[in-house]
Amino acid sequence: MTTVTAYAAPSAKAPLERTTVERRPVGEFDVLIDIKFAGICHSDIHQARDGWGEGIFPMVPGHEIAGIVTEVGPGVTKFAVGDRVGVGCMVDSCRECDNCKAGLEQYCTKGTVYTYNGRDKNGDPTYGGYSTHIVVDENYTVRIPDGLALDVAAPLLCAGITTYSPLKHWNVGPGKKVAVVGMGGLGHMGVKIAHALGAEVTVLSQSLRKKDDGLRLGADHYYATSDPETFEKLRGTFDVILSTVSAPLDFDAFLSLLRTDGTLVNVGAPEEPVSLNLFSLLNDRTSLAGSGIGGIRETQEMLDFCAAHGFGAEIELIEASQINEAYERVLDSDVRYRFVIDVATI
Ligand code: NAP
Ligand code: ZN
Ligand code: ZN
């Protein structure tokens, strides 16, 4: 075991503080990663504050990890020392179920091993990216293309893949009208990716405060959902609506913005349940769907796609001592558009 420095929430709702955790020895198929940057996802905040329940404490959050390989196990074939790599929300899965075989490890029927706030196959707690090093199986590690700087690549490991996967699955592309609800970490990547896929993109944000940024990132239209006229004007417009909102949403209102046969895909993970009037679906044969991150193969595809289109995330680089302050700003929808921790400051 190796002791590494990390930032952890010692208990639910306690501020994060500097501490140490143990990393397992580098196994036959493992890579040791010197973490350079770690993004702050809203899921980190939900979990560090135990908003989803059953959190394992102390908790080291962080599932948007970018770094450099510094050691490889004897059986590793995909990576070498010096490679630029990323790790997202998963570090293992059963590898045998139909979903794992299909590259949908995030839906492993035997249980995905999450990067933190999970338990590995030995039952030990997993610790995430707010730390200096991590040991990960090569099959759950992806390559960061040379054209992408590591700091702006880190958020792609969750925010990028969580928006790319449903946009691809629901065939967003030329001739399609897509709305992205919420322009935070996930939302701003949804805008960039949907635009790069060739769709006509609309942002539905609580206010017009971030309109200039939205248009710069690739949106064609930008509306405030605080204005009731928005819902009148856009009724029956969209083929796909991607909701990235972290709080309970009025899904009935947003479903009314779909055209016949349209789909509202929710990726937000609010801490409370929401209510739904089923007439919102049957009047226009619309669908309400959900989507969780994306598989390892698709995560690599997404990184290559972003590199080919020349973009990463829009980030604010912070020192580790600013993590708690950054959490408050995310909760206030005051993030432009992803906080990324400079791990050298841990
Ligand atoms: P974020 O950066 O905080 O962005 C969420 C955005 O939602 C905010 O910027 C805000 O956008 C909007 N919003 C916040 N509160 C709202 C409210 N009360 N009503 C309406 N809109 C509101 O969070 P994130 O990191 O993108 O994550 C978003 C959600 O996705 C979280 O719940 C997270 O846990 C979840 N998530 C799910 C997956 C998955 O696999 N499905 C993966 C990652 C994250 P505007 O200011 O533009 O309105
Ligand atoms: Zn995340
Ligand atoms: Zn499986």
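Rules used in this analysis
Residues numbered from 1 in each chain as written. Chains lettered and ligands numbered in written order. Predicted model: local features only at pLDDT ≥ 70, side-chain atom pairs only at ≥ 80, totals over all residues. Heavy atoms only, no water. Pairing = 2+ DSSP bridges. Helix = DSSP H or I, 4+ residues; strand = E, 2+ residues; numbered from the N terminus. Axes fitted to C-alpha atoms, helices over the stretch in contact; angles between N-to-C directions. Domains from an automatic or database assignment. Contact = heavy atoms within 4.5 Å. Buried area = accessible area lost by both parts, 1.4 Å probe. Salt bridge = Lys/Arg side-chain N within 4 Å of Asp/Glu carboxyl O. Polar contact = N/O pair within 3.5 Å; in protein donor to acceptor, adjacent residues only side chain to side chain. Nonpolar A, V, L, I, M, F, W, Y, C, P; charged D, E, K, R; others polar. Donors = N, O, S within 2.8 Å, 3.2 Å for Na, K, Ca; no water. Buried < 20%, exposed > 50% of the residue type's maximum accessible area, 1.4 Å probe, protein only. Core = buried A, V, L, I, M, F, W, Y, C linked by side-chain atoms within 4.5 Å. Tetrahedral: all angles 85-135°; square planar, octahedral: opposite > 155°, others 65-115°. 1 Å grid on protein atoms, 1.4 Å probe; cavity = no way out; pocket = protein on both sides within 12 Å on 5 of 7 lines; lining within 4 Å. Points joined across faces, edges and corners; volume = space filled by probe spheres on them. Phe/Tyr/Trp six-rings, centres within 6.5 Å; stacked < 30°, edge-to-face > 60°.

A. Quick peek at the sheet that holds strand 12 (residues 221–224). Ordered in space as 12-11-10-13-14-15, the 6 strands form an open sheet in which the pairing is parallel. Strands with a single pairing partner mark the edges of an open sheet, and in this sheet they are strand 12 and strand 15 (287–290). Averaged over all pairs of adjacent strands, the angle between strand axes in this sheet comes to 20°, irrespective of strand direction. In terms of strand pairing, strand 13 (residues 238–243) meets strand 14 (residues 258–266) through 5 bridges, oriented parallel. When the sheet's bridge partners are listed, Val240 is paired in strand 14 with Thr263.

B. Just the domain arrangement of the protein chain, in detail. Each assigned domain of the protein chain is listed here: domain 1 (2–157 + 313–345) and domain 2 (160–290). For domain 1 versus domain 2, the distance between C-alpha centres works out to 27 Å. Listed as interface residues are 13 residues of domain 1 and, on the opposing side, 19 residues of domain 2. Counting each side, the surface lost to burial between domain 1 and domain 2 is near 1500 Å², with a carbon and sulfur contribution of 48%. In this structure, the salt-bridge partner of Glu314 is Lys192, at a minimum N-O distance of 2.6 Å. The interface formed by domain 1 and domain 2 includes 10 residue pairs in polar contact (both at pLDDT 80 or more). For the side of domain 1 that touches domain 2, the residue count by class is 6 nonpolar, 4 polar and 3 charged.

C. A look at the coordination of the zinc ion (ligand 2). Taken together, the protein donors to the zinc ion (ligand 2) comprise Cys41 (SG), His63 (NE2) and Cys158 (SG), at separations of 2.0 to 2.3 Å. Mapping the donors of the zinc ion (ligand 2) onto the primary sequence gives the spacing C-x21-H-x94-C. With a gap of 95 residues between them, His63 in the loop between helix 1 (42–48) and strand 4 (65–72) and Cys158 in the loop between helix 3 (150–153) and helix 4 (159–169) connect regions that are remote in the sequence. Across the pair, exposure class does not vary: His63 and Cys158 are buried alike.

D. Highlighting the nonpolar core. Formed by 87 residues in total, the largest nonpolar core has its most connected members in Ile40, Tyr130 and Ile323. When residues of this core are sorted by domain, at least three fall in each of domain 1 (2–157 + 313–345) and domain 2 (160–290). In this structure, Leu204, Phe231, Val245 and Leu257 belong to the second largest nonpolar core, which totals 17 residues.

E. Region of the structure containing the coordination of the zinc ion (ligand 3). Every protein donor of the zinc ion (ligand 3) is accounted for by Cys94 (SG), Cys97 (SG), Cys100 (SG) and Cys108 (SG), and the metal-donor separations fall at 2.3 to 2.4 Å. Given 4 donor atoms and angles of 103 to 118° at the metal, the environment of the zinc ion (ligand 3) is assigned as tetrahedral. When the donors of the zinc ion (ligand 3) are listed by position in the chain, the intervening gaps give C-x2-C-x2-C-x7-C. Taken as a pair, Cys97 and Cys100 share a single burial class, namely buried.

F. Just empty space enclosed by the protein, in detail. The tally for this structure, following the rule as stated, stands at 2 cavities of 30 Å³ or more. Computed from the structure, the largest cavity encloses a volume of approximately 90 Å³. In this structure, the largest cavity is lined by 13 residues; those nearest its centre are Gly88, Cys89, Leu157, Ile296 and Thr299. The set of elements that each furnish at least two residues to the lining of the largest cavity consists of strand 5 (84–87) and helix 10 (296–308). Tallied by class, the residues present in the lining of the largest cavity amount to 9 nonpolar, 4 polar and no charged. Approximately 30 Å³ is the volume attributed to the second largest cavity.

G. Up close: unusual backbone geometry. For the bond running from Phe57 to Pro58, omega is -5°, close enough to zero to count as cis. Here Pro58 shows up in the loop between helix 1 and strand 4. Look at the link from Arg336 to Tyr337: it is a cis peptide, with omega at -15°. By the secondary structure assignment, Tyr337 is in the loop between helix 11 (323–331) and strand 17 (338–342). Positive phi is not limited to glycine here, since Arg95 has a value of about 75°.

H. Expanded view of the packing of aromatic side chains. A complete count under the given rule lists 2 aromatic pairs for this structure. On the numbers, 5.4 Å between centres and 55° between planes, the contact of Tyr164 with Phe305 is tilted. Here the residue Tyr164 occupies a position in helix 4, and Phe305 occupies one in helix 10, the gap between them amounting to 141 residues. Side by side, Tyr164 and Phe305 carry an identical accessibility label, which is buried. Considering the side-chain rings of Phe231 and Phe254, the 5.2 Å spacing of their centres and the 80° angle between planes classify their relative orientation as edge-to-face. You can see Phe231 sitting in helix 7 (residues 228–233) and its partner Phe254 sitting in helix 8 (residues 251–255), a full 23 residues away along the chain.

I. Focus on the pattern of salt bridges. Counting across every chain of the model gives 17 salt bridges. Its salt-bridge partner being Asp92, residue Arg95 comes within 2.9 Å of it at the nearest N-O pair. Measuring nitrogen to oxygen at the nearest pair gives 4.0 Å for the salt bridge that ties Glu301 to Lys168. Separated by 133 residues along the polypeptide, Glu301 in helix 10 and Lys168 in helix 4 bring together distant segments of the chain. Accessibility expressed as a relative area gives 36% for Glu301, which makes it partly exposed. Linked through salt bridges whose partners overlap, the residues forming this network are Asp92, Arg95, Lys121 and Asp137.

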